[in-house]
Amino acid sequence: MPAAPSAPARSPHTSLKRPPAAERVYTHIKEAVLDRRYEGGTLLTEGGLADAVGVSRTPVREALLRLEVEGLIKLYPKKGALVLAVSAQEIKDVVETRLLVEEFAARKAVPASPRLIARLEQLLEEQRQLAEVGDLAAVAVKDRCFHAEIVKHAGNEILSRLYDQLRDRQLRMGVAVMEAHPGRIEANITEHGELLEAIRAGDAEGAAQVVRRHVGRVRVLVRGEDR
């Protein structure tokens, strides 16, 4: 009896599907806004975005509607989408929320587990390496991850979810600060090291004080009140 024909060999990439068109447009715009390739005040057109991503205008409209809900852009019929600048009120709100969450988390993270210490050491080293090659967007991501790791280890899931909602705004502000104040990159790394040492030493109040000073600088720098 003849053997059944074997299934044709599949390329390792056969099962990998591209994300839907609207998702690709959404990711393209959001990443560009967060790392400030599309700065506040930039007017985006459906045609330009469609050409940039290689899709039709229909998924572009879907992605823009989603981003407007997230507060990153403002749609203007027949004109396009305006990338919204970071407002003074937004800066104030984000910093106040970060202080409330992160000071609490810094205290709760003490005494720290070996796992948390090891993870913070890893993130700090990765941030140093990225700073050396000048990848500001990636540095901002690692900066945010460093703080998020401490919040996660505070053991309060509600606060963790609240903190996650600040992610996009934190990244955007972080890149803005580093572009305007290059010296702040090294200062951030130094302050992260101080925070790590306070947590490692079991100094809950010392860790909270580092957070207060470190996060409080964001509002001053983003608003251009300090050079």
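Residues numbered from 1 in each chain as written. Predicted model: local features only at pLDDT ≥ 70, side-chain atom pairs only at ≥ 80, totals over all residues. Heavy atoms only, no water.

A.B. asks: What should I look at first to understand the overall build of the protein chain in this one?
C.D. replies: Helix and strand counts for the protein chain stand at 10 helices and three strands. Going from N to C terminus, the protein chain has its helices and strands arranged as α-β-α-α-β-β-α-α-α-α-α-α-α. Going through the 227 residues of the protein chain one by one, you find that 40% of them count as buried. Pairs at least 24 apart in sequence give 70% of the contacts found in the protein chain among residues at least 6 apart. Accessible area of the protein chain: about 12,700 Å², with a carbon and sulfur share of 54%. (Helix = DSSP H or I, 4+ residues; strand = E, 2+ residues; numbered from the N terminus. Buried < 20%, exposed > 50% of the residue type's maximum accessible area, 1.4 Å probe, protein only. Contact = heavy atoms within 4.5 Å. Areas by Shrake-Rupley, 256 points an atom, 1.4 Å probe, with all protein chains shown as cover.)

A.B. asks: Sorry, what's going on with the nonpolar core here?
C.D. replies: Note on soluble globular proteins: their nonpolar side chains tend to be buried together. Counting 41 residues, the largest nonpolar core has L120, F146, I150, L195 and I199 as its most contacted members. Taken together, the elements giving at least two residues each to this core come down to α4 (88-108), α5 (114-133), α6 (136-152), α8 (167-180), α9 (183-200) and α10 (204-222). (Core = buried A, V, L, I, M, F, W, Y, C linked by side-chain atoms within 4.5 Å.)

A.B. asks: Just to check I follow, could you spell out the pairing of strand β3 (residues 80-83) for this structure?
C.D. replies: Where a strand is regular, its side chains alternate between the two sheet faces. Here strand β1 (residues 43-44) runs beside β3; their pairing, made up of two bridges, is antiparallel. When the sheet's bridge partners are listed, L44 is paired in β3 with A81. Looking at chain direction, strand β2 (residues 73-76) and β3 are connected through four bridges and run antiparallel. Paired with K74 across the strands is L82, a residue of β3. Between β2 and β3, which follow one another and run antiparallel, lie three residues, and K78 among them has a positive phi close to 65 degrees. (Pairing = 2+ DSSP bridges.)

A.B. asks: Sorry, what's going on with the side chain of R184 here?
C.D. replies: Within the element layout of this structure, R184 appears in helix α9. Residue classification places R184 among the buried positions, given a relative accessible area of 10%. With residues up to four places along the chain from it excluded, the contact list for R184 reads V177, E191, H214, R217 and L221.

A.B. asks: Sorry, what's going on with the confidence of the model for the protein chain here?
C.D. replies: If pLDDT is low for a region, its predicted coordinates should not be looked at in detail. Overall, the prediction assigns the protein chain a mean pLDDT of 88, with 90% of residues at 70 or greater. Across the protein chain, α5 holds the top mean pLDDT of 97, while α8 sits lowest at 85. Under a pLDDT of 50 for its full length, residues 1-9 has, in the predicted model, zero contacts with residues more than four places off or in other chains. A low-confidence stretch, residues 11-15 (pLDDT under 50), is modelled with zero contacts involving residues beyond four sequence positions or located in other chains. (pLDDT = per-residue confidence, 0-100.)

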